[in-house]
Amino acid sequence: MSIDLGYWTPVYGGFLRNVGHEEGMAATWESIRDISVTADRLGFHTTLVPELYLNDRKGVEAPSLEAWSLSSAILAVTDRLRVMTAVRPGFHLPAVLAKTVSTLDSIAPGRVALNVVAAWWAEEARQFGGRFTTHDARYVQAEEFVRVLRGLWEKTPFSFAGDYYEFEDTIVEPKPSAPPVIFAGGESEAGKDAIARFSDAYVMHGGTLDEVRANVGDINERSLRAHGREISEIGMPAYVIVRDTEAEAQRELERITDVDPSSPGYASFEEFQRNSKLSLELTKREYSVGTRGLRPNLVGTPEQVAERIHAYADAGISLLLIQSSPLKEELERIAEQVFPLVPQRGAALV
């Protein structure tokens, strides 16, 4: 089985909650530009740009970068990389977002994708004026949001009347060159039912092979019931540590998972667990990098990591979103040592 290898853009300046400035990944355009250009040159397929207005990795007072302006810049300095930008409907007007995406597609035709996120951070919504309702209602809003986006990209003029949005004879021109792939993620019953109805693709948190197989089967079954087809792509983040020996890789793992509950990002981790209906309880060790990135255990020699990536491809993952630190240097190492061992579905898009 083949798989696309992508990566997670570190808008927060790094991935590690227990490692400070020595991570060497500043929340600056200069840092992200270097990572983006390097990843594009190396042939990474997709980057996910998370949308967070506060920094949930390094603490709320630490700097972080805004997703949509950053995505525009990444698209402008790369040639092949697909940019999957997260969007929380409670923070956006869908007609404005439809226009933004159309404009981005004119910068980089066919290289724009969306990750629709129901949101989990009440404090962030309070500070920035986002709409933060109940968990299940956020998915209802997300589904309606996507219906509006697709309508505006397909028809001119477009009218709509729903529970959350109402438009009459709205014009969005130009249209995207092709309908952007819409990813979404969630684990609750309500969330997965909604995602199966409105999304093209699914992105989950990191998991064990058994957890991933079950999740892939579940979301595909729901999509078959809703549309008569399986989900087109299934993505998963994973924190990757590749070293020449297994002992070296394990030493690095121990270094980054020394948990300090007084660290600046611990409070946002606890709020994430409170406001998300997760299918399992997260450990403090998993807190160290977020998105359950350590759960797939992509830690070891190039051969060991490649073998596990193959196993996840067999389990149904079609897009691996790599987290690693420092990211630029680790992407270079992964491209050199792991790429030759892992056939990719479509390394780079155009």
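For the structure, see preceding data.
What counts, and at which threshold
- Residues numbered from 1 in each chain as written.
- Predicted model: local features only at pLDDT ≥ 70, side-chain atom pairs only at ≥ 80, totals over all residues.
- Heavy atoms only, no water.
- Helix = DSSP H or I, 4+ residues; strand = E, 2+ residues; numbered from the N terminus.
- Contact = heavy atoms within 4.5 Å.
- Core = buried A, V, L, I, M, F, W, Y, C linked by side-chain atoms within 4.5 Å.
- Buried < 20%, exposed > 50% of the residue type's maximum accessible area, 1.4 Å probe, protein only.
- Expected span 1.5 Å × (residues − 1).

**Considering the environment of Val299**
No. 1: Position of Val299 relative to the elements: it lies in strand β10 (residues 298-300).
No. 2: Measuring from C-alpha to C-alpha, the distance between Val299 and Arg243 comes to 8.2 Å, with 56 residues separating the pair along the chain.
No. 3: Those residues in contact with Val299, other than ones at most four positions away along the chain, are Ile241, Ala249, Gln250, Leu253 and Val305.

**Things to note about the nonpolar core**
No. 1: Ranked by size, the top nonpolar core spans 101 residues in total, and within it Tyr7, Phe44, Ile309 and Leu320 carry the most contacts.
No. 2: For this core, the element with the highest residue contribution is helix α5 (residues 135-154), accounting for eight residues.

**Re helix α1 (residues 29-42)**
No. 1: Over its 14 residues, α1 extends 20 Å from the first C-alpha to the last, a length consistent with the 20 Å expected when each residue adds 1.5 Å.
No. 2: Listed as buried for α1 are Ser31, Ile32, Ile35, Ser36, Thr38, Ala39 and Asp40.
No. 3: For α1, the secondary structure elements touched by its buried residues are β1 (4-8), α2 (67-77) and α12 (327-337).
No. 4: Positive phi shows up at Gly43, right after α1, with a value of about 100°.

**Focus: unusual backbone geometry**
No. 1: Looking along the chain, the bond that leaves Thr156 and enters Pro157 is cis, with omega of -5°.
No. 2: Summarising the element assignment, Pro157 is placed in the loop between α5 and β5 (158-161).
No. 3: The amide bond that connects Glu173 to the next residue, Pro174, takes the cis arrangement and shows omega of 5°.
No. 4: The residue Pro174 is located in the loop between β6 (166-170) and β7 (181-184) in this model.
No. 5: We note that Asp169 has phi near 55°; this positive angle belongs to a residue other than glycine.
No. 6: By the element assignment, Asp169 lies in strand β6.

Treat this as a map of the structure, not an account of what it does.
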